[in-house]
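# Examining the three-dimensional arrangement
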Amino acid sequence: MIAQPPLWTRPQRRAPYLFLLPEIAVLGIFFFWPLWQSLTLSFHVTAGTHARRFVGLDNYRFLILHDRLFWLAVINTIAYTSAFLLVQIPASLGLAMLLNRRDVRGKSIFRFCFFSTYLVGQVFMAVIFFALLGRETNVGWLTRPALALPATLLAGWSLSIGYAMIYFLAALQTVDENLREAAVLDGAGTWAVFWNVILPGVKPVLIFLVVVGTIWGFQLFELPYVLFQGPGPNYRALTIVMYLYSTAFERGDLGYSAAIGWLLVLLLSGVSILQLKFTSALAEP
Amino acid sequence: MSFHLGKPILILTVLAVVSGLAVLSRRPPAAADLTVWTFADDNAQAYTQPALDGEPSLIETFRRQAGLSVSVQVINQHALDARLISLFMSPGTGRRPPDLVEIDLASVGKYFRAPVSDIGLLPLNGFLEESGELKKILPSRLATWSKNGVIFGVPRDVHPITLTYRADLFDQAGVNLEAARTWPEFQEKCLQFQRYWSDHGFPNRAAMELVAGPSEELLLMLLQRHINIVDEQNHIYLNDPKAAQTVAFYAQLVAGPRRIAAQSLPGTPFPYRDLADGKLCSMITPDWRTGYLKQYAPDLWGKVRMCPLPVFDPGDAPTSTWGGTMMGIPRNAINPRASWKLLELLCLSRQALSQRFRYSPILPPVREFWSDPLYQTGDPFFGGQAIDRLYIRLADRIPSRCVTPFSLTAQAALTMVMNKAVAYVNDHGGGDGLEAACAGWLAEATAELKHWVRQGSLDS
């Protein structure tokens with residue numbers, strides 16, 4: 001019997017590991033190491049690399065039990081995300097269905113027009129809305145606390161409805177036309193066709209957009225930060241990520257802001273898991 | 001010629017190699033001996049531009065005196081903060097720090113988070129004493145840039161505060177604003193002013209610009225009463241009875257039936273334009289705001305006047321202070337003595353006065369310069385009023401302002417109390433019982449802030 005050479009001397013077996021090595025190194029250096037560092041940082045009060053004090057879970061405890069501004073940011077973020085999705089999803093699906101009709105002319109122009117807002121990005125959209133909403137009116141879009149959320153939502157919807165519409169348009173192409181025709185022949189009305197044929201057809205995209213929209217909403221930062229040039233009137237435009245930024249770079253406590261970041265990760269993971277579970281449950285017969 | 005992977009890949013590879021070589025062969029610009037970081041374009045201009053009388057620029061003067069070249073870099077304030085804090089957080093990475101750096105008052109608290117021995121800036125007490133500058137600088141301005149008696153920055157300014165008002169509109173309404181000595185009297189005068197203009201077709205004309213949210217103006221009023229909401233030792237003073245009184249009063253300036261103030265959009269030009277358009281008819285004016293006023297509201301030429309702030313009690317200061325910039329030397333600067341010499345020239349020398357005045361007419365913190373003719377002339381924009389003389393008269397009375405790592409947190413807590421106070425005024429249609437309610441909210445906020453300090457302090 002011929003003895004097998006050890007693993008690392010066999011070129012054909014070594015090759016895949018060698019090819020993977022750069023990716024693993026990049027992931028390790030730029031993802032896992034900072035992730036580990038931020039986790040350890042969140043257990044410290046810090047000012048630079050050598051001025052730090054280990055506080056265990058105190059940052060988390062303080063954040064959850066005592067930090068009103070953090071909870072205000074959480075409420076603002078959840079309110080924004082919920083309202084954002086409640087309008088974005090139906091509006092973009094409706095637009096996509098309209099543009100999917102055979103009798104609509106100039107579809108490509110409409111598609112481009114609706115999608116083009118997404119191309120400008122959050123910062124530019126915020127600047128545009130600053131110019132629009134900051135005009136001389138008695139409404140006070142940017143100065144009245146009660147209007148801070150609606151103003152941010154208007155800018156957010158303008159930015160993203162066209163983007164979601166493109167996804168729905170692509171999904172609508174996959175809806176089986178025969179199925180739709182069969183349903184119509186069987187006497188199904190418009191609503192029944194939508195509920196029983198179209199919606200199940202676009203469901204994977206819908207779930208994707210809800211999850212991505214939720215993540216987008218929870219990570220909201222630039223849009224309100226530029227629109228209000230800060231946390232807005234009475235902190236009504238303060239989001240979790242804006243608070244994280246402010247804690248790290250305006251107050252200089254990286255440990256505390258790392259704790260905010262990790263709580264955001266937990267919150268976002270929980271919400272995403274719930275969403276996926278909920279939407280899977282709907283799919284069951 | 002053939003390439004087995006195809007021509008497009010060959011062309012892309014050649015392009016990548018050529019552009020890579022071009023980048024690698026590019027010579028970096030010659031490094032100056034000293035580097036200054038500033039976030040203000042005006043300051044950079046003052047340092048680098050030749051004087052009007054043909055004299056060389058300040059950095060050229062320094063080059064001739066010390067034989068060292070200087071590069072002045074203007075960096076956006078957020079970027080400057082991020083870079084500096086990153087340098088301080090990772091010493092020993094080989095990156096060269098600036099030799100001099102300007103830091104804004106709103107940012108400085110975070111640099112003071114570390115214990116004194118770990119702060120990334122060089123203590124300047126020795127240099128200040130040795131050069132004799134310590135005695136010349138207004139002591140109240142040094143407090144802002146110090147921790148536990150160790151001075152980390154030299155102030156570039158004093159920023160006393162006055163009130164600028166539309167003299168034409170107040171005169172037309174027959175209201176003499178300057179006769180108001182106290183804030184309640186001031187409020188009465190403003191209500192009288194608003195009634196007049198409401199009767200004459202301007203129901204939305206507000207007598208004053210004040211923010212009903214995160215508010216610097218409320219802090220200024222507290223400072224007038226010698227209340228630093230957080231002192232140098234991180235003691236909290238929000239539960240001072242005068243603080244409750246001030247918050248309750250402020251809430252009634254911005255809300256309810258006795259409201260006299262409105263706010264502008266966020267952003268630099270808006271308050272000045274609102275003053276010019278007659279929507280807001282007076283504003284709190286630190287000296288740096290006069291430059292913006294002339295820039296954004298040139299149509300106000302000759303229509304505005306300035307006066308000291310009203311007070312609450314006889315012992316209060318008729319002024320306060322808003323904003324500030326320090327110049328400091330990073331602890332690991334290569335040649336601290338040369339940095340100090342440059343700092344002296346740019347910040348504390350008589351030579352720099354006219355250059356600084358040319359680009360930003362702000363009062364220097366060195367008392368002996370205040371007698372300079374630059375600060376004695378009447379300003380036609382203010383109807384010939386000698387506004388710098390007014391600023392000088394008030395400068396000696398500005399209260400010390402402390403900034404610590406917890407100042408921003410305390411400001412946020414104060415703002416939240418103020419929001420409650422404004423809501424109270426709106427809900428109750430007035431301020432009855434508001435002071436007691438404010439006292440309760442401020443006591444709660446104080447307890448929370450003490451918790452913050454215990455939790456977040458790195459000082460033993």
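Counting restarts for each chain, with residues numbered from 1 along the sequence as it is written. The order in which chains are written sets their letters, starting at A; the order in which ligands are written sets their numbers, starting at 1. Residue-level local features of this predicted model are given only where pLDDT is at least 70; pairs of side-chain atoms are given and counted only at 80 or more, and the full residue set underlies all totals for whole chains, interfaces and linings. Neither water nor hydrogens contribute to the side-chain values; these are computed over all heavy atoms in the structure.

For the rest of this paragraph, the subject is the overall build of chain B. Helix and strand assignments follow DSSP, with helices taken as H or I runs no shorter than four residues and strands as E runs no shorter than two, numbered in order from the N terminus. Check the secondary structure of chain B and you find 19 helices and 12 strands. Across the 460 residues of chain B, 55% fall into the buried class. Contacts: residue pairs with any heavy atoms within 4.5 Å of one another. Across chain B, the fraction of contacts at a sequence separation of at least 24, relative to all contacts at a separation of at least 6, is 76%. Each accessible area value is a Shrake-Rupley result obtained with a 1.4 Å probe; residue values ignore everything except the protein chains displayed when judging cover. In the structure as shown, chain B presents an accessible area of about 19,100 Å², 55% of it carried by carbon and sulfur atoms. Positive: Lys, Arg. Negative: Asp, Glu. His and the chain ends are not part of the count. The location of each charge is read from NZ of Lys, CZ of Arg, CG of Asp or CD of Glu. Averaging the coordinates of the 44 positive side-chain charges in chain B and doing the same for the 45 negative ones gives two points 4 Å apart. Three exposure classes are used, based on accessible area relative to the maximum for each residue type with a 1.4 Å probe and protein chains only: buried under 20%, partly exposed in between, and exposed over 50%.

Contacts between the two partners involve 38 residues from chain A and, on the opposite side, 37 residues from chain B. Buried area adds together the accessible area that both of two parts lose upon being put together, with accessible area traced by a 1.4 Å probe. Of the roughly 3,200 Å² buried where chain A meets chain B, counting both sides, 59% is carbon and sulfur surface. Counting the surface chain A buries against chain B, the share from its top three residues, Phe62, Arg68 and Arg251 of chain A, is 21%. Criterion for a salt bridge: a side-chain nitrogen of Lys or Arg within 4 Å of a carboxyl oxygen of Asp or Glu. Summed over the shared surface of chain A and chain B, the number is 3 salt bridges. Gly is put with the polar residues, along with every residue not named as nonpolar or charged; the nonpolar set is Ala, Val, Leu, Ile, Met, Phe, Trp, Tyr, Cys and Pro, and the charged set is Asp, Glu, Lys and Arg. Counted by class, the side of chain A that touches chain B contains 16 nonpolar, 13 polar and 9 charged residues.

Another point: the sheet that holds strand E11 (residues 304-307) of chain B. Pairing between sheet strands relies on hydrogen bonds along the backbone, with the strands arranged either parallel or antiparallel. Residues and elements named next belong to chain B. Spatially, 3 strands are ordered E10-E7-E11 in an open sheet, and the strand pairing comes out antiparallel. A single partner strand is all that each edge strand has here, and the edge strands are strand E10 (282-286) and E11. Taking the axes of each pair of neighbouring strands and ignoring which way they run, one obtains an average angle of 30 degrees across the sheet. At least two bridges found by DSSP between two strands is the condition for calling them paired. Bridging between strand E7 (residues 161-166) and E11 involves 4 bridges; their strand directions are antiparallel. Counted as the bridge partner of Leu163 is Cys307 from E11. Axis definition: a line fit to C-alpha positions, over the contact stretch in the case of helices; interaxial angles, taken between N-to-C directions, run 0 to 180 degrees. Of the strands in this sheet, E7, E10 and E11 are in contact with helix H13 (residues 269-276), which crosses E10 at around 135 degrees.

The next thing to look at is the sheet that holds strand E6 (residues 154-155) of chain B. Residues and elements named next belong to chain B. In spatial order, the strands read E2-E1-E3-E12-E6; together these 5 strands make up an open sheet with mixed pairing. For this open sheet the edge positions go to strand E2 (70-74) and E6, each flanked by a neighbour on one side alone. Inspection of the sheet shows strand E1 (residues 34-38) paired to E2 by 5 bridges, in the parallel sense. Looking at E2, one finds that Thr35 is bridged to Ser71. Across the sheet, helix H2 (residues 41-48) touches E1, E2, strand E3 (100-104) and strand E12 (325-328), and the angle it forms with E2 is around 160 degrees.

Here we take up the packing of aromatic side chains. Here a pair means two rings of Phe, Tyr or Trp (six-membered ring of Trp) with centres within 6.5 Å. Their orientation is stacked below 30 degrees between planes, edge-to-face above 60, and tilted elsewhere. Counting across every chain of the model gives 40 aromatic pairs over all chains. With centroids separated by 5.1 Å and ring planes inclined at 80 degrees, the aromatic side chains of Trp183 of chain B and Phe186 of chain B adopt a geometry described as edge-to-face. Residue Trp183 of chain B and its partner Phe186 of chain B are both found in helix H10 (residues 183-199); the two are separated by 3 residues, about one turn of the helix. The residues Trp183 of chain B and Phe186 of chain B share a single accessibility class, namely buried. Judged by centre distance (5.5 Å) and plane angle (80 degrees), the rings of Trp288 of chain B and Trp322 of chain B are edge-to-face. With Trp288 of chain B in helix H14 (residues 287-296) and Trp322 of chain B in the loop between E11 and E12, this residue pair connects regions lying 34 residues apart in the sequence. For Trp322 of chain B, a relative accessible area of 13% puts it in the buried group. Pairwise contacts between aromatic rings join Tyr165, Phe170, Phe193, Tyr196, Trp197 and Phe202 of chain B into one cluster. In this structure, Arg251 of chain A is placed above the aromatic ring of Trp452 of chain B, and the distance from its NZ or CZ to the ring centre is 5.7 Å. Charge-over-ring placement is defined geometrically: NZ (Lys) or CZ (Arg) within 6 Å of the ring centre, and within 35 degrees of the ring normal.

Moving on to the packing of helix H3 (residues 58-66) of chain B against helix H16 (residues 351-359) of chain B. Residue and element names in this part refer to chain B. Where H3 meets H16, the closest approach of the two axes is 11 Å, and the angle between their N-to-C directions is 160 degrees. When the interaxial angle is binned, H3 and H16 end up roughly antiparallel. Mapping the contact onto sequence places Leu58, Thr61 and Gln65 in H3 and Gln351, Ala352 and Gln355 in H16. Residue composition of the contact of H3 with H16, grouped by class: 2 nonpolar, 4 polar and no charged. An angle below 35 degrees is treated as roughly parallel, one above 145 as roughly antiparallel, one from 65 to 115 as roughly perpendicular, and anything else as oblique.

Now for the packing of H2 of chain B against H16 of chain B. Residues and elements named next belong to chain B. Viewed as axis vectors pointing N to C, H2 and H16 meet at an angle of 140 degrees, and their least axial separation amounts to 9 Å. Remark: the crossing between H2 and H16 carries right-handed chirality. Between H2 and H16, the residues in contact are Asp42, Gln45 and Ala46 and Gln355, Arg356 and Tyr359, respectively. Its residues assigned to classes, the contact of H2 with H16 comprises 2 nonpolar, 2 polar and 2 charged. Here a crossing is taken to be left-handed if its near helix is turned anticlockwise relative to the far helix by less than a right angle, and right-handed if that turn runs clockwise.

Right, let's get into unusual backbone geometry. Although it is not a glycine, Gln229 of chain A sits at a positive phi angle of roughly 55 degrees. Counting through the fold element by element, Gln229 of chain A comes out in the loop between helix H8 (222-228) and helix H9 (240-250). The phi dihedral of Asn234 of chain B is positive, around 65 degrees, even though this residue is not glycine. Structurally, Asn234 of chain B can be placed in the loop between helix H11 (216-224) and helix H12 (241-254).

Turning to a nonpolar patch on the surface, a few remarks are in order. Residues and elements named next belong to chain A. Grouping into patches uses exposed residues only, defined as over 30% relative accessible area, and leaves out salt-bridged ones; the cut-off is 9 Å for like charges and 5 Å for nonpolar side chains (Val, Leu, Ile, Met, Phe, Trp, Tyr). Together, Leu27, Phe31, Phe32 and Leu35 make up an exposed nonpolar region whose accessible area comes to about 350 Å². With respect to the element layout, Leu27 can be found in helix H1 (residues 11-41). For Leu27, a relative accessible area of 35% gives the class partly exposed.

Residue and element names in this part refer to chain B. Per the stated rule, a full pass over the model turns up 27 salt bridges over all chains. Among the ionic pairs, Asp99 bridges to Arg96, the shortest N-O distance being 2.9 Å. Given a relative accessible area of 38%, Arg96 falls into the partly exposed group. Among the salt bridges present, the one from Asp168 reaches Arg166, with a minimum N-O distance of 2.8 Å.

Next up on the list: the pairing of E1 of chain B. Residues and elements named next belong to chain B. Of all the 5 residues making up E1, 5 are buried; the element is thus mostly covered by neighbouring parts of the structure. As paired elements, E1 and E3 share 2 bridges and run parallel to each other. Considered in E3, the bridge of Val36 is made with Leu100.

This paragraph deals with the environment of Phe3 of chain B. All names here are of chain B. Within the secondary structure layout, Phe3 lies in the segment before helix H1 (7-25). Phe3 gets classed as partly exposed once you look at its relative accessible area, which sits at 31%. Once the C-alpha coordinates of Phe3 and Ala31 are considered, the two residues, 28 residues apart in sequence, prove to be 44 Å apart. When residues no more than four places from it in sequence are discounted, the contact partners of Phe3 are Ile9 and Leu10.

Moving on: the confidence of the model for chain A. You can read pLDDT as the predictor saying how much it trusts each residue, on a scale of 0 to 100. Looking at chain A, pLDDT values average 87 and 91% of them are 70 or higher. Across chain A, helix H3 (residues 68-99) of chain A holds the top mean pLDDT of 94, while strand E2 (residues 51-54) of chain A sits lowest at 83.

Residue and element names in this part refer to chain B. Asp287, Arg289, Thr290 and Leu293 are the residues of H14 that are buried. In a view along the axis of H14, the buried residues occupy a sector of 135 degrees, so they form one face of it. Lining the buried residues of H14 we find E7, strand E8 (208-209), H13, E10, E11 and helix H17 (387-395). By construction, the arc corresponds to the directions joining the helix axis to the C-beta atoms.

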